[in-house]
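# Residue-level structural notes
Each chain, written out:
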Amino acid sequence: QVQLVESGGGLVQAGGSLRLSCAASGRTFSSYHMGWFRQAPGKEREFVAAISWRGGSTYYADSVKGRFTISRDNAKNTVYLQMNSLKPEDTAVYYCAAKGAGAIWTPNLMGRYDYWGQGTQVTVSS
């Protein structure tokens, strides 16, 4: 089992920045691929970014490419999402997710992740 706890959400003006953190506990964090997803009111949950278990590969949704950066610190069992140039359409609940590195992984598919956090709210005002 892996427990994931997101933090760092809040209210920010358009153009501002936030850094989300996802702290993992339980089994070896470094053996998991990690992803960030988000869900806006009335919309389906969507892929935002993902990072491989060693951090060597990163993936981004087109809507956040160039503005968001995913990173991880395996020594701290934490994955981060740095969000810059935020837009009102980035408003959503952001979730982190984990997938064991030994299995087939498709970074942008929710169904390929085994563990999920409870989410953190990000609100971007115009």
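A brief structural summary. Every value quoted in this text rests on a predicted model; they were computed, and no experiment measured them. (Residues numbered from 1 in each chain as written. Predicted model: local features only at pLDDT ≥ 70, side-chain atom pairs only at ≥ 80, totals over all residues. Heavy atoms only, no water.)

The next subject is the sheet that holds strand β7 (residues 68-73). The strands making up a sheet are joined through hydrogen bonds of the backbone, oriented either antiparallel or parallel. Spatially, 4 strands are ordered β1-β3-β8-β7 in an open sheet, and the strand pairing comes out antiparallel. Taken across any chain shown, the strands that pair with only one partner, and hence form the sheet edges, are β1 (2-7) and β7. Averaged over all neighbouring strand pairs, the angle between strand axes comes to 15 degrees, with direction disregarded. Relative to strand β8 (residues 78-83), strand β3 (residues 18-26) runs antiparallel, the two being bridged by 6 bridges. Residue pairing in the sheet places serine 21 in a bridge with tyrosine 80 of β8. (Pairing = 2+ DSSP bridges. Helix = DSSP H or I, 4+ residues; strand = E, 2+ residues; numbered from the N terminus. Axes fitted to C-alpha atoms, helices over the stretch in contact; angles between N-to-C directions.)

With that settled, consider the pairing of β1. Of the two faces of β1, the one holding Val2, Leu4 and Glu6 is buried and the one holding Gln3, Val5 and Ser7 is not buried anywhere. Sheet analysis places β1 next to β3, joined by 6 bridges and oriented antiparallel. Bridge assignment links valine 2 to a residue of β3, and that residue is glycine 26. (Buried < 20%, exposed > 50% of the residue type's maximum accessible area, 1.4 Å probe, protein only.)

Turning to the nonpolar core, a few remarks are in order. Grouped together as the largest cluster of nonpolar side chains are 36 residues, with contacts concentrated most on Leu4, Met34, Trp36, Leu81, Met83 and Tyr94. Contributing elements (two or more residues each) for this core: β1, β3, β4 (32-39), β5 (46-51), β7, β8, β9 (92-100) and β11 (120-125). Not counting residues up to four positions away in its chain, the partners in contact with leucine 81 are Leu18, Arg19, Leu20, Trp36, Val48, Ala49, Phe68, Thr69, Ile70 and Tyr94. (Core = buried A, V, L, I, M, F, W, Y, C linked by side-chain atoms within 4.5 Å. Contact = heavy atoms within 4.5 Å.)

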